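Chain by chain, the residues run as shown.
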Amino acid sequence: MVQLFKFLLKSTKTPARAHFRCNFLDTLRLTVRGGHGGNGLPKYGGVGGQGGCVYFVAKEGLTLRKVAQNLREKRVQATNGEDSSKVSIYGKRGMDQRIEVPLGVQVYDEQQQKLLADLNEPDSSCIVAGGGTGGCVGNNFIGRPGESRTVQLDLKLIADVGLVGFPNAGKSTLLKAISNAKPKIAAYPFTTIRPQVGTVEYADLRSITIADLPGLIEGAHANFGMGHKFLKHIERTRLLLFMVDIFGFQLSPRHAHRDCLSNIYALNKELELYDPELLEKPCVLLINKMDKEGAQELLLNLKPCLTDLNSSLSACPDELRPNRVIRFKHILPISAKNSGRINQVKQKLRGTLDELAEEQLITDSKLLKEQLKQRVGVIGPKVT
Ligand SMILES: Nc1nc2c(ncn2[C@@H]2O[C@H](COP(=O)(O)OP(=O)(O)OP(=O)(O)O)[C@@H](O)[C@H]2O)c(=O)[nH]1
């Protein structure tokens, strides 16, 4: 009986709505310190060992949560250099501290508000706290302290496609239908409370990654809802996939109902307010829930506006009107729930990404040719 009561009391202690707590960690603060330089030995001209340094290495498949679990104290210190001695005139160098961090991490110096490194290549590394120099003639044989700073690790997901849309548009349903991801789907807004990444596979064994970036609502730029907490992840995507509900969206009874066209402008505006450069990326628009009754009629009315979003801008409410309207490469009406036209979405995404890669290749080769020409101009025979 006592055991039963103990169990019941224990179970009531579990915080309510545990599934709402976001396990996704995308920032982490660490204090790092390089090792102190060892002291020299003036009598014999001995030099102290240099302090070890702290450095980060980017690794695929790691999460910031894992890093945080491994470094519970959030403090990393490299070991000190050894003092010079009669038996070892040159003191041993201190041991370096190697910290593996997830790929896509940006490292900021908290005090100086300065970007120290952008680790977006596998195995790329950066020294975040150098070791102090060992004692020698130059410093009166007194070892110097190592660098010390507080760094902020800011993780930005790297995905080919960024999926953006207001809550309940059907983003998770699409992600589930198109990729290997298993997101939670429900008929209420904010079901997805952290970014989800899925991989889409193609018959030629190539694959692309799609990140569902939730929490975007009208006014997110003014920090409404989750604000732009997750929108930062979009910066590293190559293609933006917008999704809207053909029937529009209403956040709550207190908010106005926005029709599909207003939602397209509202998404455009939110992204523009966050970073206008995002609108330079190739964009694809999906109009979802086409299986529902009345959807075809709505689409028919919407079609003239979709073909020229600029000319319909005058009908857009002032607060939603963007300065620059997105030019969508493709606009596809779909039904994510019934997998209607999902294959077409897959092909369009792949086609657009392939085109983008080709353009990049051409620009790169042009740049390379230009650099070669310049180099030949400097070291090659002079052309008269
Ligand atoms: N009829 C119909 N319903 C759909 C379709 N796609 C999604 N839904 C429904 O719309 C609701 C919301 O879908 P989600 O996939 O959770 O939407 P979401 O955009 O991920 O929503 P958040 O998690 O709030 O960001 C669910 O009840 C889905 O079953 C569709 O093509 N047709």
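Residues numbered from 1 in each chain as written. Predicted model: local features only at pLDDT ≥ 70, side-chain atom pairs only at ≥ 80, totals over all residues. Heavy atoms only, no water.

*Asks:* How do you make sense of the pairing of strand E5 (residues 105-109) when you look at a structure like this?
*Replies:* Both faces of the sheet carry side chains from a regular strand, because those side chains alternate between them. Judged by how many residues are buried, E5 sits mostly within the fold: four of five residues are covered. One ladder, built from five bridges, connects E5 with strand E6 (residues 114-119); its direction is antiparallel. Within E6, the position partnered with Val105 by the bridge is Leu119. In textbook terms, the turn of a hairpin is the stretch between consecutive antiparallel strands, and for E5 and E6 this stretch comprises four residues, one of which, Gln113, has a positive phi near 55 degrees. By the bridge criterion, five bridges tie E5 to strand E8 (residues 148-155) in an arrangement that is antiparallel. (Buried < 20%, exposed > 50% of the residue type's maximum accessible area, 1.4 Å probe, protein only. Helix = DSSP H or I, 4+ residues; strand = E, 2+ residues; numbered from the N terminus. Pairing = 2+ DSSP bridges.)

*Asks:* Can you help me understand helix H4 (residues 260-274) in this one?
*Replies:* Because the α-helix completes a turn every 3.6 residues, residues three or four places apart line up on one side. A rise of 1.5 Å per residue sets the reference length of H4, with its 15 residues, at 21 Å; its end C-alpha atoms lie 21 Å apart and thus fit the reference within 8%. In terms of residue burial, H4 counts as a mostly covered element, since 13 of its 15 residues are buried. (Expected span 1.5 Å × (residues − 1).)

*Asks:* I'm lost on the nonpolar core in this one. Help?
*Replies:* As a rule of thumb, soluble globular proteins bury nonpolar side chains together. Of all hydrophobic cores here, the largest spans 37 residues; its most connected members are Phe242, Leu271 and Ile287. Where this core is concerned, the elements lending two or more residues are strand E12 (239-245), H4, strand E13 (283-288) and helix H5 (295-307). When near neighbours in sequence (up to four residues on either side) are disregarded, Ile287 contacts Val244, Ile246, Cys260, Leu299, Leu302, Leu306, Ile331, Leu332, Pro333 and Ile334. Counting residues in hydrophobic clusters, the runner-up holds 24 residues, among them Val76, Val101, Cys126 and Val128. (Core = buried A, V, L, I, M, F, W, Y, C linked by side-chain atoms within 4.5 Å. Contact = heavy atoms within 4.5 Å.)

*Asks:* Sorry, what's going on with the sheet that holds E13 here?
*Replies:* Within a sheet, neighbouring strands are paired by backbone hydrogen bonds and run either parallel or antiparallel to one another. Strand order in the open sheet formed by six strands is E10-E11-E9-E12-E13-E14, with mixed pairing between adjacent strands. Two strands close off the open sheet at either side, each with one partner strand: strand E10 (196-201) and strand E14 (328-333). Taking the axes of each pair of neighbouring strands and ignoring which way they run, one obtains an average angle of 25 degrees across the sheet. Note that E13 and E14 share five bridges and pair parallel. Paired with Cys283 across the two strands is Phe328, which belongs to E14. Most of the contacts of H5 go to E13, to which it runs at about 165 degrees, and overall it touches E13 and E14. Running over the sheet, helix H6 (residues 342-379) touches strand E9 (161-164), E10, strand E11 (207-212), E12, E13 and E14 and is turned about 175 degrees from E14. (Axes fitted to C-alpha atoms, helices over the stretch in contact; angles between N-to-C directions.)

*Asks:* Whenever I open this one, the pairing of E8 confuses me. Can you help?
*Replies:* Sheet topology note: the strand E1 (residues 27-33)/E8 ladder contains seven bridges and is antiparallel. Considered in E8, the bridge of Thr31 is made with Thr150.

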